[in-house]
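Examination of the molecular architecture
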Amino acid sequence: MNESTDPLQTTEAMDLTKSSSAWRAWLDEHAPKLLLFARSQTRSSEDAEDIFQDALIKLIEKIREGEFIGGQEAWMPYLYTSIRRLAIDVGRRDDRRRRREDYSSEEVAEEQRDQSDPWFDSGASDDETRVFLEGGLKELPPKFSEVVVMKIWGDLTFAEIGESLGISQNTAASRYRYGLDALRKKLSTARRKGDLSI
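Residues numbered from 1 in each chain as written. Predicted model: local features only at pLDDT ≥ 70, side-chain atom pairs only at ≥ 80, totals over all residues. Heavy atoms only, no water.

Turning our attention to the overall build of the chain. Tallying secondary structure elements over the chain gives eight helices and zero strands in all. Along the chain, helices (α) and strands (β) appear in the sequence α-α-α-α-α-α-α-α when read from the amino end. A burial count over the chain gives 30% of its 198 residues as buried. Taking as baseline every contact in the chain between residues at least 6 positions apart, the subset at least 24 positions apart corresponds to 57%. Entry remark: accessible area of the chain is about 13,300 Å², with carbon and sulfur atoms responsible for 49%. (Helix = DSSP H or I, 4+ residues; strand = E, 2+ residues; numbered from the N terminus. Buried < 20%, exposed > 50% of the residue type's maximum accessible area, 1.4 Å probe, protein only. Contact = heavy atoms within 4.5 Å. Areas by Shrake-Rupley, 256 points an atom, 1.4 Å probe, with all protein chains shown as cover.)

Written out as structure tokens, the structure is:
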């Protein structure tokens, strides 16, 4: 390949990519500034070091593959931009992970509340029935269970349910009937199996 068209053939690129002492000298001079910038862009020093290293690796790969445009004077702006972009990516990743973890902990707390906060207020003799009804409601498709809950516990009419769900009142009534039928089947199956004592 012709030297004039190959970006890797520039004197600066050749010096730093082929000579470890020249690369080390350049790095010793500029690393503290770049690392300080990375620390200002991230939430932890570990993330800053990782981002700094990733940015350096990207630069070296671009130089070796001949994709880097500009000489050594363009390395610093490139590294600052890379560090900034990588820091944004890491911040977004951490935020997503934190939201997932928060959501998971909320689910655990909700499950614990469900276990200690029964849907039905009843005496101890009805605990078995309550457990089966709660389980049955949770197993129903949401379109049926939400109508049953809104009708029984929300004390809403089918017209009000239909309006709030964006369905007709006849559809709400039909979903209510299907939901109740499914609950009846679950209870009768439990009675036949002997899981329920009533």
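Now that the structure has been shown, the text picks up again.
On to the pattern of salt bridges. Per the stated rule, a full pass over the model turns up nine salt bridges. Arg98 is the partner of Asp95 in a salt bridge, and the nearest nitrogen-oxygen pair spans 3.4 Å. With Asp95 and Arg98 both in helix α4 (residues 75–116), this residue pair falls three residues apart, about one helical turn. Look at Arg98 and you get partly exposed, because its relative accessible area is 39%. Put simply, Arg93, Asp94, Arg97 and Glu101 are held in one network by salt bridges that share partners. (Salt bridge = Lys/Arg side-chain N within 4 Å of Asp/Glu carboxyl O.)

Taken together, the side chains of Arg92, Arg96, Arg99 and Arg100 define a basic patch exposed on the protein surface. Locating Arg100 in the fold gives a position in helix α4. (Patch = residues over 30% accessible without salt bridge, like charges linked within 9 Å, V, L, I, M, F, W, Y side chains within 5 Å. Lys, Arg positive; Asp, Glu negative; His and termini not counted. Charge placed at Lys NZ, Arg CZ, Asp CG, Glu CD.)

These values are about where atoms sit, not about what they do.
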